[in-house]
Amino acid sequence: MKKDKVIVFDTTLRDGEQAAPASLSVDQKLRIARQLARLGVDVIEAGFPISSPGDFESVSTIAKEFKKEGPGVCGLARLVPKDIEACAKAVKPAAWPRVHTFIGTSAIHTEKKLRKSEDEVLAFIRDSVKLARRLCADVEFSAEDAGRTDIDYLCRVVETAIKAGASTINIPDTVGYTAPEQFGSIISQLFNRVPNIDKAIISVHCHNDLGMATANSLTAISHGARQVECTVNGIGERAGNAALEEVVMALKLRGDFFKVQTGVNTREIMHTSKMVREILNMPVQPNKAIVGSNAFAHSSGIHQDGVLKAKNTYEIMTPQSVGLKDNRMNLTSRSGSHIIKTRLADLGYPATDYDLQAVYAKFKALADKKGTVYDDDLVTLMEAANHDDMKDTFTLEYLNVSSGTGTVPTATVRISEDGNKITPASACGYGAVHAMTKAIDKIVGYRIKIGDFHIDAITEGQDALARVTIRASAAEGSFVGNGVSMDIVEASAFAYMDIINKIARMKKFGRKIKTVTIIDS
Ligand code: KIV
Ligand code: ZN
């Protein structure tokens, strides 16, 4: 192996899945495994075969998927024969099967959890790693809680595991306790003190309890570790594991400093991240490094102005390098008139079409009320600044919905147009929202296709306020509508009416809008 290559060992399907709200089906794991292969990870830890028949099947299905080529497929096993045997059997069909076996080595683990002496643990390591080696050519051994293990004992543990046949030695900071310099020093000491260390690759597996998982992993790499264990979006036990996207992008972007490479195709990062959040039902915080929805979004007027002049003023990597189309400028009350002018030009409205100062004043007033202003709002504002008319055409006067088990969802609505009452309309649908939109469509007569429907509780408790955001397209353009209510169907109706009124304005002013701001990246 080249000295400057870092093996990326992905444990999203094992350590990550352990922390998911529900365990994954074989099919779901297989979909993620295929995407991890496209991402270019070197080893997929697919599960813990002895833990359940379902996990055994997942590991063996993934092993069969990569039976000719692709990443190595690894399973986890405690240091006991039945685990190791099941694991070896599950990974066997893969072209590159690996058994990963582990035991706690810190005094806290050996004395309190295992109730074994240090020598007894060493004997287990020797015998079990030998067994694993007889069943599988590639064996990884982990000294669980290595970060809190006495360094003299850890050196003996590592030497024993290598002598017994482990070709990868993993040093986990299981509880995320170790500081980066300490962790780097553990790795250096292993290189300096373990006589047979050159016969194995040193791996690290860092947890994020103090937010130091990425820093610890990178520091270990600087001290000679050549395998890094991580998960997509940093999911995993408790506060999670080192995030694959952070470690990989740091190594890529700061190649000048770390002087190593991975085989990851970073343009697949975003797609992988989204798949993992959706399948595992684990959303990502907006400010999450690399993959959060704000990671390439600029909000402050000063930053937006800087990025418009030169991207590298506030962007250290391109959005394209992680698989995003572009960065995003959030139009909020902090935005300056420069971005408003640029955005309107992107939407097809040259500055000669409107009075920038008048549009900007209206923009500020709306942004103060609403928070984020979307492209369709901006076009409406511009039209309103020109025509001085921002009033809604349609108002929802009455809404009655009936739905439930064994009933046909039905909605009745009454809408007024420019203050004049319109006859009510009713419609049935597959659900309450469907019935409501059909009833509204009957009155206003627009052809609207809903693309995306989001519902969020914006306050706490059963009586929380709901905010509904609908993204939709129509012949007049694409639109985002928002509605807030304690009743989710009413909030949906308000969001839908928001879109209806935006279309009404477009029709009135005879313009089309081309695009709409993407809410999340
Ligand atoms: O955190 C840990 O120590 C682990 C081991 C099983 C590698 O997940
Ligand atoms: Zn772990």
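Right above here is the structure, for reference.
To start, this report covers the structure provided alongside it. (Residues numbered from 1 in each chain as written. Chains lettered and ligands numbered in written order. Predicted model: local features only at pLDDT ≥ 70, side-chain atom pairs only at ≥ 80, totals over all residues. Heavy atoms only, no water.)

## Description of the pattern of salt bridges
Going by this rule: Between Lys or Arg on one side and Asp or Glu on the other, a salt bridge is scored when a side-chain nitrogen of the former is within 4 Å of a carboxyl oxygen of the latter. Secondary structure elements follow DSSP: runs of H or I no shorter than four residues count as helices, runs of E no shorter than two count as strands, and numbering proceeds from the N terminus. Exposure classes here rest on a 1.4 Å probe applied to the protein chains alone. A residue is buried below 20% of its type maximum, exposed above 50%, and partly exposed in between.
In total, this model carries 25 salt bridges according to the counting rule given. The salt bridge involving K502 is made with D377; its shortest N-O contact spans 2.8 Å. Of the two residues, K502 sits in helix 18 (residues 488–509) while D377 sits in helix 16 (residues 375–387), which places them 125 residues apart along the sequence. Here K502 and D377 have matching classes, each one buried. Here D452 ties to R471 by a salt bridge, and the two come within 3.2 Å at their closest N and O atoms. Taken as a pair, D452 in strand 15 (residues 449–457) and R471 in strand 16 (residues 466–474) lie far apart in primary sequence, 19 residues in all. Classification of R471 by relative accessible area gives buried; the value is 15%.

## Quick look at the site of ligand 1
Rules: What makes a residue near a molecule or strand is one non-hydrogen atom of that residue sitting within 4 Å of it. Under the rule applied, a polar contact is a pair of N or O atoms within 3.5 Å (in protein, one hydrogen donor and one hydrogen acceptor; residues adjacent in sequence only if both atoms are side-chain atoms). Accessible surface is estimated by sampling points in the Shrake-Rupley manner with a 1.4 Å probe; for residues, cover comes only from the protein chains shown. Residue polarity is assigned by list, with Asp, Glu, Lys and Arg as charged and Ala, Val, Leu, Ile, Met, Phe, Trp, Tyr, Cys and Pro as nonpolar; anything else, Gly included, falls into the polar class.
As a matter of local geometry, ligand 1 sits amid R14, D15, H100, F102, S142, E144, N170, P172, T174, H205 and H207. The contact in question runs from an oxygen atom of ligand 1 to an N or O atom on the side chain of R14, over 3.0 Å. Interatomic distance of 2.6 Å between a side-chain N/O atom of T174 and an oxygen atom of ligand 1. Taken by itself ligand 1 offers 260 Å² of open surface, and the protein chains cover 94% of this. Class assignment for the residues of the shell around ligand 1 results in 2 nonpolar, 6 polar and 3 charged.

## Quick notes on the coordination of the zinc ion (ligand 2)
Operational definition: Sites may look incomplete because water is not among the atoms; the donors themselves are N, O and S atoms within 2.8 Å of the metal, or within 3.2 Å for Na, K and Ca.
Here the zinc ion (ligand 2) is held by D15 (OD), H205 (NE2) and H207 (NE2), and the distances to it run 2.0 to 2.1 Å. Taken in sequence order, the residues that donate to the zinc ion (ligand 2) follow the motif D-x189-H-x1-H. Placement of the pair is D15 in helix 1 (residues 12–18) and H205 in strand 7 (residues 201–206), with a sequence separation of 190 residues. Of the residues examined, H205 reaches a relative accessible area of 5% and is grouped as buried.

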